[in-house]
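Chain residues, written in single-letter form:
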Amino acid sequence: MKLSKTLLATSAITVAAVGAHAAGHGMADSMTLVSWGGAYQNSQIKAYAEPYLAMHPDVSISWDESSAEAVAKLRAMNEAGNITWDLVDVEGADAIRLCDEGLAMEIDHDAVLAAAPDGTPASEDFGEAIVSDCFIPQIVFSTTVGYRTDMVGDTPPTDICALFDLETYPGKRSLNKRPLANVEWALLCDGVPKDEIYEALATEEGQDRALAKLDTIKDQVIWWTAGADTPQLLADGEIVMGSTYNGRLFSAIAEQGQPIGMLWDAQMFDNDGWIIPEGLPEDRLARVLDFVKFATDTQRLADQAAFISYGPARASSAPLVGKHAELGIEMAPHMPTDPANSQNIFVTQYEFWADYRDDIDAKFQAWLAQ
């Protein structure tokens, strides 16, 4: 699939339309925002929602923690003709799928989002993070692995293939209950060169090879569906290592003082951001557009990094990243993008996963059920 990068599609919302929505219909006084729960959602509340509500005391925000099921749920809402969500946090590949299916609204980023403080247009400030005409980037994060420092002996793991090494690191693991990251790591640790992994995954043989490698540890895996699961399993000593989002591990290590180490090797870079559901009533759309312009400006994205170790998606925000809001520690060294942490990375192939996600996911879920 070749991504369309139209600067302004005919269906995209424009500055004039924003003004018309606001002037003609006013703005709704409530919003339902959809995110992932846990430490990440808390960082959004602190950096975006609370400051916005302080400026708009008559507005209320409710949160739904269903982002992991966003594609399926938006499909169902569209089928029923009842869109109950106003703004949805999704990963880049899901934004592409939702945009392609007409379930997310195309926008003109320069018309809808704030420019950088020096006047740089939003589209340039976000740059390659804009992976879809419907996607409003927020953060760069990674899926990586945490381990119990007191359960790995004298030789803590240094590479991702420790996940598959039951002899050196016996005990339970936790892995995401979906294929992304798992199948890449499986092929890498089965000897497929990193630059050939997506070519392999596009074939039945490559998919089967990845599942066969995962079979070698399947009976030692606890499958998670929420990013908070692995940190809790690690804290409880139920697993020796497991995958989750780097910000969740930072929270467990730095904020909670858990005996956990972080493995940065082969971390899976990804972008996360908002999509606006297609078909919102005009008063709700006007409110969402007002909020999202505020919540994705340079300062707000930098502020989020004071609560969680995810890099802001705007170039102009990076120099403003400072210390943790409560711990007072510098946050830059804890970002997945820090040079010391990013020597061997995967970058999520958005177009590949937009094309193959449904098929590989169905195969993965069938394998899990065996």
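The coordinates are above.
We now turn to the structure provided with this report. (Residues numbered from 1 in each chain as written. Predicted model: local features only at pLDDT ≥ 70, side-chain atom pairs only at ≥ 80, totals over all residues. Heavy atoms only, no water.)

A few points about a negative patch on the surface
Then, in step 1: On the surface, Asp29, Asp58, Glu282 and Asp283 cluster together into a patch of negative charge.
Then, in step 2: Tracing the sequence through the fold places Asp29 in the loop between helix H1 (15-25) and strand E1 (30-34). (Patch = residues over 30% accessible without salt bridge, like charges linked within 9 Å, V, L, I, M, F, W, Y side chains within 5 Å. Areas by Shrake-Rupley, 256 points an atom, 1.4 Å probe, with all protein chains shown as cover. Salt bridge = Lys/Arg side-chain N within 4 Å of Asp/Glu carboxyl O. Lys, Arg positive; Asp, Glu negative; His and termini not counted. Charge placed at Lys NZ, Arg CZ, Asp CG, Glu CD. Helix = DSSP H or I, 4+ residues; strand = E, 2+ residues; numbered from the N terminus.)

Here we look at the side chain of Arg178
Then, in step 1: Mapped onto the elements, Arg178 comes out in the loop between strand E5 (173-176) and helix H7 (182-189).
Then, in step 2: The class of Arg178 is buried, set by a relative accessible area of 10%.
Then, in step 3: Non-local contacts of Arg178, meaning those with residues more than four positions away in its chain, are made with Glu91, Tyr245, Arg357, Asp361, Phe364 and Gln365. (Buried < 20%, exposed > 50% of the residue type's maximum accessible area, 1.4 Å probe, protein only. Contact = heavy atoms within 4.5 Å.)

Here's the deal with the state of the cysteines
Then, in step 1: What the rule picks out here adds up to two disulfides.
Then, in step 2: The disulfide bridge from Cys99 ends at Cys134, spanning 2.0 Å between sulfur atoms. With the S-S bond torsion at 65°, the cross-link from Cys99 to Cys134 turns out right-handed. Of the two residues, Cys99 sits in helix H4 (residues 92-100) while Cys134 sits in the loop between helix H6 (122-126) and strand E4 (136-148), which places them 35 residues apart along the sequence. (Disulfide = S-S within 2.5 Å.)

Some thoughts on the pairing of strand E7 (residues 241-245)
Then, in step 1: The buried count for E7 comes to five of five residues, which makes it a mostly enclosed element.
Then, in step 2: Bridge analysis of E4 against E7 gives five bridges, and the strand direction is antiparallel. Within E7, the position partnered with Gly146 by the bridge is Gly242.
Then, in step 3: As judged from the two bridges shared by E5 and E7, these two strands associate in the parallel manner. Note that in E7 the partner of Arg173 across the bridge is Met241. (Pairing = 2+ DSSP bridges.)

Focus: the packing of H4 against helix H14 (residues 350-369)
Then, in step 1: Put simply, H4 and H14 touch, their axes get as near as 8 Å, and they point 65° apart. If you check the angle between H4 and H14, you find them roughly perpendicular. You can see that H4 and H14 cross each other, and the crossing is right-handed. Here H4 contributes Gly92, Ala93, Asp94, Ile96 and Arg97 to the contact with H14, which in turn contributes Tyr350, Glu351, Trp353, Ala354, Arg357 and Asp358.
Then, in step 2: Among the residues forming the contact of H4 with H14, the class breakdown is five nonpolar, one polar and five charged. (Axes fitted to C-alpha atoms, helices over the stretch in contact; angles between N-to-C directions. Parallel < 35°, antiparallel > 145°, perpendicular 65-115°, else oblique. Left-handed = near helix turned anticlockwise from the far one by under 90°. Nonpolar A, V, L, I, M, F, W, Y, C, P; charged D, E, K, R; others polar.)

Details of helix H2 (residues 38-55)
A turn of α-helix holds 3.6 residues, and therefore any two residues three or four places apart point the same way.
Then, in step 1: When the terminal C-alpha atoms of H2 are compared, their 25 Å separation across 18 residues agrees well with the 26 Å that a helix rising 1.5 Å per residue should span.
Then, in step 2: Bending of H2 peaks at approximately 40° at the position of Ile45.
Then, in step 3: Every buried residue belonging to H2 is among Ala39, Tyr40, Gln41, Ser43, Gln44, Ala47, Tyr48, Ala49 and Tyr52, and all of these are buried. (Expected span 1.5 Å × (residues − 1). Bend = angle between axes of the 7 residues up to and from the residue.)

A look at the environment of Ala305
Then, in step 1: Among the secondary structure elements, Ala305 is positioned in the loop between helix H13 (298-304) and strand E9 (311-312).
Then, in step 2: Taking the C-alpha atoms as reference, Ala305 lies 30 Å from Leu280; in sequence the two are 25 residues apart.
Then, in step 3: The contact partners of Ala305, leaving out residues within four places of it in the chain, are Tyr310, Val321, Met331 and Met335.

A look at the packing of helix H9 (residues 204-215) against H14
Then, in step 1: Packing of H9 against H14 leaves a shortest axis separation of 11 Å and a crossing angle of 35°. Between H9 and H14 the crossing geometry is right-handed. When H9 is examined against H14, the residues Glu204, Gln207, Asp208, Leu211, Leu214 and Asp215 are found in contact with a partner set consisting of Ile360, Lys363, Phe364 and Trp367.
Then, in step 2: Here the residues of the contact of H9 with H14 are counted per class, giving five nonpolar, one polar and four charged.

Description of the pairing of E4
Then, in step 1: Of all the 13 residues making up E4, 13 are buried; the element is thus mostly covered by neighbouring parts of the structure.
Then, in step 2: Sheet analysis places E4 next to strand E8 (residues 260-275), joined by 11 bridges and oriented antiparallel. Bridging from a neighbouring strand, Thr143 pairs with Met268 of E8.

Concerning the nonpolar core
Then, in step 1: Ranked by internal contacts, the top residues of the largest apolar core, which has 90 residues, are Ile276 and Phe291.
Then, in step 2: If one sorts the elements of this core by residue count, H14 sits on top with eight residues.
Then, in step 3: Here Phe291 is in contact with Met31, Leu33, Tyr48, Ala49, Tyr52, Ile61, Leu87 and Trp274, once residues within four sequence places are set aside.
Then, in step 4: In terms of nonpolar packing, the next biggest core, distinct from the first, is built from nine residues, Trp36, Phe141, Tyr245 and Ile308 among them. (Core = buried A, V, L, I, M, F, W, Y, C linked by side-chain atoms within 4.5 Å.)

Comments concerning the pattern of salt bridges
Then, in step 1: Scanning the model with the defined rule gives 15 salt bridges in all.
Then, in step 2: Where Glu204 meets Lys363, a salt bridge forms, and the shortest distance between an N and an O atom there is 2.6 Å. Here the residue Glu204 occupies a position in helix H9, and Lys363 occupies one in helix H14, the gap between them amounting to 159 residues.
Then, in step 3: Residues Lys363 and Asp208 are paired through a salt bridge, measuring 2.8 Å at the closest nitrogen-oxygen approach. Residue Lys363 is found in helix H14, and its partner Asp208 is found in helix H9; the two are separated by 155 residues along the sequence.
Then, in step 4: Of the residues examined, Lys363 reaches a relative accessible area of 21% and is grouped as partly exposed.

Take it as geometry only, folks, not as evidence of what the structure does.
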